[in-house]
Amino acid sequence: MIANSPLPHLGGLTPTEFLRDYWQKKPLLVRNAFPELAYRLSPEDLMELAQEESVEARLILEKGKTPWELRSGPFTAKQFKQLPKTHWTLLVQAVDHYLPELADYLDHFNFIPNWRIDDIMMSFAPEGGSVGPHYDQYDVFLVQGIGRRRWQLGQHCDDTTPRVQGTALRIIENIDTHFDEELHPGDLLYVPPGLAHYGVAQNDCTTYSFGFRAPALTELLERVADTVLEQEGRVLASDAGRSPCAQPGLLTIDDIEQLRAQMLTLLNDRAQFAQALAPLLSEPKYSDYEPQGDELSPDEILAALANGALLRRDPASRCLYTNTDTSTDTSPNTNGEPDTLYINGMTEDFPPRLAALVRLLADHRHLTAEQLAGWQDDAEAISWLQAQIALGHWFLDAD
Ligand code: SIN
Ligand code: CO
């Protein structure tokens, strides 16, 4: 259990301590947290990615046609050549979707559940490049790649914080700096949601942003309400035992209270919450995302594993499981094993006897032949895996 082990990339804090004292509350700077990550992807690699049709990329020019000009990708090599020497930033979202080995770095934050992950964004900026002082809705671990970036952190912001006008970016007018540090390759800075931050490249610099989303409660509520409507149909309010009213024109507080109580009773079904929330939270980041599967025979799967291939979860898919049998029961089973598996908004059936395998697959980004050893002689397990690989949810990576 890592919960109480000090982690070097959290500056020696345990996950329990970090979550208690920092997560969603205050920033944390850790020097040299991920020294080997810094050189993983070069600016050239990033610029190549930003030329792909399917990749979400943006360019921000501080002194563009307008102040803080925002351009959307994909971009061409020519466009990159025409950029000024300084004061611009290239941002590429979801680099983890294209580079499973980079996605593996998310394992360092495995003490936060997968459904909270947004993506790994990566930026490149020459000297002076910045996206301006701003705040995000998400929790983010910023990891410095190459070069140096000066980070200033400021006040807690919200919708009322004054913003710079005339730009599509949400740049705040003032940052009340109380933290001012230069990050070097491999340094990590955790920034909680709502905290003003302003990073300026001191020279050619890349930054990896491990972003964690928080779903909007209103969106969750909408989904729960839809599920209740589907499952309960039209349930009418009841007012048996009502007292005579003295003001027939009045909608009384008591009536409102009674309706509220009955509506909350209708909503107050834990099984329905799981059935509503799990598919929503497993929807992929990009709604048009379609996994590409491989048709492999069981023998091909076993041979690839024997030859050292890793079984990888598709990094662009979202996968989670619940351990509550939502159709019959509302209490979690005691062994933590999945009752229902959700991938990209859909439930994926599996034979109940494979629950431990499903857990292994859904809890890990990749697995070795050794980790799968107990399942390789199990024809039903390999055949289920074969179907999953064909759907593109997992793939064999021989590199
Ligand atoms: C950047 O990488 O330049 C910006 C990251 C952020 O502020 O969230
Ligand atoms: Co930010």
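Everything here concerns the structure above.
Rules of the game
Residues numbered from 1 in each chain as written. Chains lettered and ligands numbered in written order. Predicted model: local features only at pLDDT ≥ 70, side-chain atom pairs only at ≥ 80, totals over all residues. Heavy atoms only, no water. Salt bridge = Lys/Arg side-chain N within 4 Å of Asp/Glu carboxyl O. Helix = DSSP H or I, 4+ residues; strand = E, 2+ residues; numbered from the N terminus. Buried < 20%, exposed > 50% of the residue type's maximum accessible area, 1.4 Å probe, protein only. Axes fitted to C-alpha atoms, helices over the stretch in contact; angles between N-to-C directions. Parallel < 35°, antiparallel > 145°, perpendicular 65-115°, else oblique. Contact = heavy atoms within 4.5 Å. Nonpolar A, V, L, I, M, F, W, Y, C, P; charged D, E, K, R; others polar. Donors = N, O, S within 2.8 Å, 3.2 Å for Na, K, Ca; no water.

Scanning the model with the defined rule gives 22 salt bridges in all. Of the charged contacts, one joins K285 and D118 as a salt bridge, the two residues approaching to 3.1 Å between their closest N and O atoms. Within this pair, whereas K285 is found in the loop between α8 (270–281) and α9 (298–306), its partner D118 is found in strand β5 (residues 117–125), the two being separated by 167 residues in sequence. With its nearest N and O atoms 2.7 Å apart, the salt bridge here joins D397 to R312. Taken as a pair, D397 in strand β17 (residues 394–397) and R312 in strand β12 (residues 310–313) lie far apart in primary sequence, 85 residues in all. Among the residues examined, R312 registers a relative accessible area of 3% and is labelled buried.

The interhelical angle for the contact between α9 and helix α11 (residues 379–391), taken along N-to-C directions, is 90 degrees, at an axis separation of 9 Å. Put simply, α9 runs roughly perpendicular to α11. Residues P298, I301 and L302 of α9 lie in contact with α11, whose contacting residues are I382, Q386 and I389. Residues belonging to the contact of α9 with α11 are distributed by class as follows: five nonpolar, one polar and no charged.

What follows is about the coordination of the cobalt ion (ligand 2). The protein atoms donating to the cobalt ion (ligand 2) are H134 (NE2), D136 (OD) and H197 (NE2), with metal-donor distances spanning 2.0 to 2.1 Å. One chain supplies every donor for the cobalt ion (ligand 2), spaced along it as H-x1-D-x60-H. For H134, a relative accessible area of 12% corresponds to the buried category.

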